[in-house]
2 protein chains.
Amino acid sequence: MGHRHTSTDAVTATDERRDVARVGIVGAGQLARMTVQAAIGLAVPIRLLADRATDSAALVSPDVRLGAPDDPAALAALAAGCDVVTFDHELVDAEILARLEAAGHTVRPGAGVVALVQDKRRQRAALAAAGCPNPAWQALDGADPERDLVAFGEAHGWPVVAKAARGGYDGRGVWVLGDPDAARALLAGPIGAGTPLMAEAFVPIAREIAVVVARRPGGEVVAYPAVETVQVDGICRELRIPAPLSPSLVVEAERLALSVAEAIGVVGLLAVELFVTHGDAAGEGGEDGGRLVVNELASRPHNSGHWTIEGARTSQFAQHLRAVLDWPLGPTAPTAPAVVTVNVLGAAGASGDPAARVGAALAVPGVQVHLYGKAARPGRKLGHVTALGDDPDEVADRARRAAAVLAGE
Amino acid sequence: MGHRHTSTDAVTATDERRDVARVGIVGAGQLARMTVQAAIGLAVPIRLLADRATDSAALVSPDVRLGAPDDPAALAALAAGCDVVTFDHELVDAEILARLEAAGHTVRPGAGVVALVQDKRRQRAALAAAGCPNPAWQALDGADPERDLVAFGEAHGWPVVAKAARGGYDGRGVWVLGDPDAARALLAGPIGAGTPLMAEAFVPIAREIAVVVARRPGGEVVAYPAVETVQVDGICRELRIPAPLSPSLVVEAERLALSVAEAIGVVGLLAVELFVTHGDAAGEGGEDGGRLVVNELASRPHNSGHWTIEGARTSQFAQHLRAVLDWPLGPTAPTAPAVVTVNVLGAAGASGDPAARVGAALAVPGVQVHLYGKAARPGRKLGHVTALGDDPDEVADRARRAAAVLAGE
């Protein structure tokens, strides 16, 4: 039971459509899952490179190849069978991608953008070159990282933020160090021994926002409205649209995101996460009393764009496909005055499959449920819920109630 | 290349989720395809019974069984592996379904509703019992159908509409007979010999509309707004929302559709197609000068509901799943003041795969493209395009332009 059928018919069906571009996706998490869903309407054939047949996107896809994202042979086979290669995550080897590009394959975003985005130090350098606001920062790659980190703290004030330059996500790989002793302890431990690190000045955060932009190879670029990303313990819990910001900060955030996309030449989606700082006593900064500082970049569909599936005129997943296929981009306007998306995170004591709770969640009026086909584990992103309406608080209340049911809280 | 993978992992992945209801769909056309798409977000596992691996929905589904919809063994196997069986079309044997129900399987809509809906004479009888407006009609199943048909025309006036009681669609199986000679010619030919027929009085049609309703087993029922279905040669070309009707006719149409759904006890979606008649000289009828007459019923997602994917707060495909799974139903309100859906029909001389024209179609601003993965043939429904906005004519213009590009016109 439950097998996927293999037949001569299926082979013919796939191969006869090679006048239509096939998109290969490296990775099969929830971002790929929702891209697969969007591809159905556009009749874009998708082939996944999945670690496991039980990966989120693999569960809903008819065309899955099993293989590791850093296996050169698996990537070469994916590229050979597809017209465009794109990504569910950035945990890939940019050198392998560069070799695929050199061999004539189309990789979007390109190897150069992937290399940049997967290294937070290179992100900072690119942002600075594009004139975007970074915090003070420094790579800790000298002969004596401990001395450099402590000196950075003395120069810019404590606390200092130490970050793994590569591989962090959802709050992992970020350490807030209150004093020189904490800095020394971090670098004396296993992290200091094995991880390329960087230091950043601590930014007093009033709120966090994100802007998702899409860019085609020829340069056409569009921005979605800025969203507030409500974070708890480094994990995004909620998206609120519109972000509660002054119009001038919204415009500035969108301008910054567009300028980064152009500066690095991304193709596909780029999510730009930003901090809005607390205003200081002297009233420095914008009319909110705060300034924008770029946090980090991701060159793919992003959690901060999940609201767009129902909340914008073009979903980020369809938009990503349009961008990497060099098709005209779609409108980004919201479909309602207020949109709230709440992530479904595995509750501490929850058991069972969250999919068994969808019916109960839908008892909350007017919510849109998206589950990722993942087994519950505490803190794991299992899905999200989006609600639309006129009043942001009423909308948030509905989305939260449905998400709590799904999480098994 | 292009094979679907089969692995022990995949089997485990499917089977470990049996605490979640699996839905089996008989048939794998575009309605099943769009249901499969909607099921991804709801994490509803879908298993298709497809005639061919190249069927529209089979192309995008990981769980496909090949078999004929009237093969008792294939249906029994589908029912055995699924918690609910539902339908992409009504070309099934209701007696087989009744046996599955008797064996304890859940079939939604049930065998009784399927038997009713697949026979236009039984539809008329059920509509009359529910107090819904039929045209004058008569089954032609007596000893002398020719005499009965001519007598019907003499009694109700020519032209008369003869219909195949079963199996017609998209204008097939309907004949408008201008006089007794035409009636005799029809019955003397091959159709008269082999097809159960019925006669209906000709209705002078001002426009055609449809109302899609959804009903749960316990009785909860919701109606989508009435849509105008613009027909050319018996095939639906466009949907316009709101339908250009007086408020009283809209209310009456929705009331009729809800009462039919309750009267026949449908579970899942029911599409009720209605004629709005020309008003007569005496001003009889509603404030438009017209009256409503039910045309026919379909107990499944329906072409007249395709606008709901982006145009309503709950798509008809998600709604059908919610109804057959006995989950709370979703809101049916439109997402914009004007919604127009235009079907993509294969053009007379068009060649190539319409999927190769998606990029060109998306150059029309703000259109949503849905292709069904079907090869182009003249007149074949290959997909649809939906546009949203404030002005119905401007919205229709965009949807038509994109549909024309996709059709290869």
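Residues numbered from 1 in each chain as written. Chains lettered and ligands numbered in written order. Predicted model: local features only at pLDDT ≥ 70, side-chain atom pairs only at ≥ 80, totals over all residues.

### Overview of the overall build of chain A
For clarity, the cut-off: Elements are defined by DSSP. Helices are runs of H or I of four residues or more, strands are runs of E of two residues or more, and each kind is numbered from the N terminus. Remark: C-beta atoms are placed from the backbone, and a residue is labelled buried if 20 or more other C-beta atoms sit within 10 Å of its own, exposed if 12 or fewer do, or partly exposed between those counts. With C-beta atoms placed from the backbone, a contact is any residue pair whose C-beta atoms sit within 7 Å.
When helices and strands are counted, chain A shows 14 helices and 17 strands. In terms of overall dimensions, chain A has C-alpha extents of about 70 × 50 × 45 Å along its principal axes. For chain A, buried positions account for 52% of its 409 residues. In chain A, the share of contacts with a sequence separation of at least 24, taken over all contacts with a separation of at least 6, comes to 65%.

### A short note on the sheet that holds strand 2 (residues 46-50) of chain A
Sheet strands pair via backbone hydrogen bonds, and the direction of the pair is either parallel or antiparallel. Residues and elements named next belong to chain A. Condition: A pair of strands is treated as paired once DSSP finds two or more bridges between them. Between N-to-C directions, angles cover 0 to 180 degrees, with each direction set by a line fitted to C-alpha atoms, over the stretch in contact for helices.
Taken in spatial order, the four strands of this open sheet run 3-2-1-4, and their pairing is parallel. Looking at which strands have only one partner, the edges of the open sheet turn out to be strand 3 (64-66) and strand 4 (84-87). In this sheet, neighbouring strand axes are inclined to one another by 25° on average, regardless of whether the strands run parallel or antiparallel. In this sheet, strand 3 lies alongside strand 2 in parallel orientation, the contact comprising three bridges. If you follow Ala50 over to strand 3, its bridge partner there is Leu66.

### Focus on the nonpolar core
Counted only if it meets this: The term nonpolar core refers to a set of buried Ala, Val, Leu, Ile, Met, Phe, Trp, Tyr and Cys residues connected through C-beta atoms within 7 Å.
Within the largest apolar cluster, 228 residues are counted, with the highest numbers of intra-cluster contacts made by Val272 of chain A together with Val272 of chain B. Setting aside chain neighbours within four positions, we find Val272 of chain B in contact with Ala210, Val211, Leu256, Ala257, Val260, Val294 and Leu297 of chain B.

### Observations concerning the sheet that holds strand 5 (residues 137-140) of chain A
All names here are of chain A. The strand order across the open sheet built from four strands is 5-8-6-7, with neighbouring strands paired in antiparallel fashion. Edge strands, defined here as strands with exactly one partner in the open sheet, are strand 5 and strand 7 (174-177). Taken over all neighbouring pairs, the strand axes of this sheet differ in orientation by 25° on average, direction set aside. Bridging between strand 6 (residues 160-164) and strand 8 (residues 197-201) involves five bridges; their strand directions are antiparallel. Its bridge partner being in strand 8, Ala164 is matched across the sheet by Leu197. In the packing of helix 8 (residues 180-188) onto the sheet, contacts are made with strand 6 and strand 7, and the angle to strand 7 comes to roughly 145°.

### As for the pairing of strand 4 (residues 84-87) of chain B
All names here are of chain B. Here strand 4 shows two buried faces, one formed by Val84 and Thr86 and the other by Val85 and Phe87. Pairing of strand 1 (residues 23-26) with strand 4 involves four bridges; the strand directions are parallel. Residue Ile25 lies in a different strand from strand 4, and its bridge partner there is Thr86.

### Let's talk about the domain arrangement of chain A
When the parts come together, some accessible area is lost, and that loss is often what is quoted as the size of the interface. All names here are of chain A. For clarity, the threshold we go by: Domain delimitation follows an automatic or database domain assignment. Three classes are used, and their members are as follows: Ala, Val, Leu, Ile, Met, Phe, Trp, Tyr, Cys and Pro are nonpolar, Asp, Glu, Lys and Arg are charged, and the others, Gly among them, are polar.
Taken domain by domain, chain A comprises domain 1 (8-107), domain 2 (136-201) and domain 3 (205-407). The partner domain 3 presents 15 residues to the 21 residues of domain 1 that form the contact. Sorting the residues of the side of domain 1 that touches domain 3 by element identifies helix 2 (30-42) and strand 4 as the ones contributing at least two each. Among the elements that line the side of domain 1 that touches domain 3, the one with the most residues is helix 2, at nine residues. Here the residues of the side of domain 1 that touches domain 3 sort into twelve nonpolar, six polar and three charged.

### Some words on unusual backbone geometry
Put simply, Trp158 of chain A and Pro159 of chain A share a cis peptide bond, and its omega is 0°. Residue Pro109 of chain B is reached from Arg108 of chain B by a cis peptide bond, and omega for that bond is 0°. Assignment of secondary structure puts Pro109 of chain B in the loop between helix 4 (94-102) and helix 5 (111-117). Even without a glycine there, the phi angle at Asp233 of chain A is positive, about 55°. Tracing the backbone shows Asp233 of chain A in the loop between strand 11 (227-232) and strand 12 (235-241).

### Looking at helix 10 (residues 247-264) of chain A
At 3.6 residues per turn, the α-helix brings residues three or four places apart onto the same side. Residue and element names in this part refer to chain A. Heads up, the condition is: For a helix, the expected span equals 1.5 Å multiplied by the number of residues minus one. Throughout, the arc means that of the directions going from the helix axis to the C-beta atoms.
The end-to-end C-alpha distance of helix 10, which contains 18 residues, comes to 26 Å, matching closely the 26 Å that a straight helix rising 1.5 Å per residue would cover. Those residues of helix 10 lying buried are Leu249, Ala253, Leu256, Ala257, Val260, Ala261 and Ile264. Projected onto a plane normal to the axis of helix 10, the buried residues spread over an arc of 130° and lie on a single side. Along helix 10, the residues that are exposed and aim more than 90 degrees away from the buried face are Pro247, Ser248 and Val251. The secondary structure elements touched by the buried residues of helix 10 are helix 5 (111-117), helix 6 (120-129), strand 9 (205-215), strand 10 (221-223), strand 13 (268-277) and strand 14 (292-298).

### Looking at the environment of Gly383 of chain A
With respect to the secondary-structure elements, Gly383 of chain A resides in strand 17 (residues 381-389). C-alpha separation for the pair Gly383 of chain A and Gln30 of chain A, spaced 353 residues apart in sequence, amounts to 8.3 Å.

### With respect to helix 12 (residues 316-324) of chain A
Residues and elements named next belong to chain A. Summarising burial for helix 12: nine of the nine residues are buried, a large majority. Inspection of helix 12 places Gln316, Phe317, Ala318, Gln319, His320, Leu321, Arg322, Ala323 and Val324 among the buried residues, and these make up the whole buried set. Its buried side turned inward, helix 12 meets strand 1 (23-26), helix 2, strand 4, strand 9, strand 13 and helix 11 (308-311). Note on helix 12: the residue one or two positions beyond its end, Asp326, has a positive phi of about 60°.

### Some thoughts on the packing of helix 7 (residues 145-156) of chain A against helix 8 of chain A
Relative placement of two packed helices is described by the angle separating their axes and the distance separating the axes. All names here are of chain A. Selection criterion: Roughly parallel refers to an angle under 35 degrees, roughly antiparallel to one over 145, roughly perpendicular to one between 65 and 115, and oblique to any angle outside these ranges. Helix crossings fall into two classes, left-handed where the near helix is turned counterclockwise from the far one by less than a right angle and right-handed where it is turned clockwise.
Look at helix 7 against helix 8: their axes get within 10 Å of each other, and the N-to-C directions meet at 155°. When the axis of helix 7 is compared with that of helix 8, the two are roughly antiparallel. Crossing of helix 7 over helix 8 shows right-handed handedness. In contact with Pro145, Glu146, Leu149, Val150 and Gly153 of helix 7, helix 8 contributes Pro180, Ala183, Arg184 and Leu187. Partitioned by chemical class, the residues of the contact of helix 7 with helix 8 number six nonpolar, one polar and two charged.

### Considerations on the confidence of the model for chain A
All names here are of chain A. Filter applied, for reference: On a range of 0 to 100, pLDDT expresses the predictor's confidence in each residue.
On average, residues of chain A score 91 in pLDDT, and 92% of them reach the 70 mark or higher. Below a pLDDT of 50 lies the segment residues 1-17, which in the model reaches 47 contacts outside its immediate sequence neighbourhood of four places, other chains included. In the model output, the complex is listed with pTM 0.93 alongside ipTM 0.93.

### Some details on the environment of Pro334 of chain B
All names here are of chain B. Tracing the backbone shows Pro334 in the loop between helix 12 (316-324) and strand 15 (338-345). Take Pro334: there are 18 C-beta atoms within 10 Å of it, and that puts it in the partly exposed class. In sequence terms Pro334 and Ala348 are 14 residues apart; their C-alpha atoms lie 34 Å from each other. Ignoring anything within four residues of it in the chain, the contact list for Pro334 reads Pro225, Ile241, Gly311, Ala312 and Val339.

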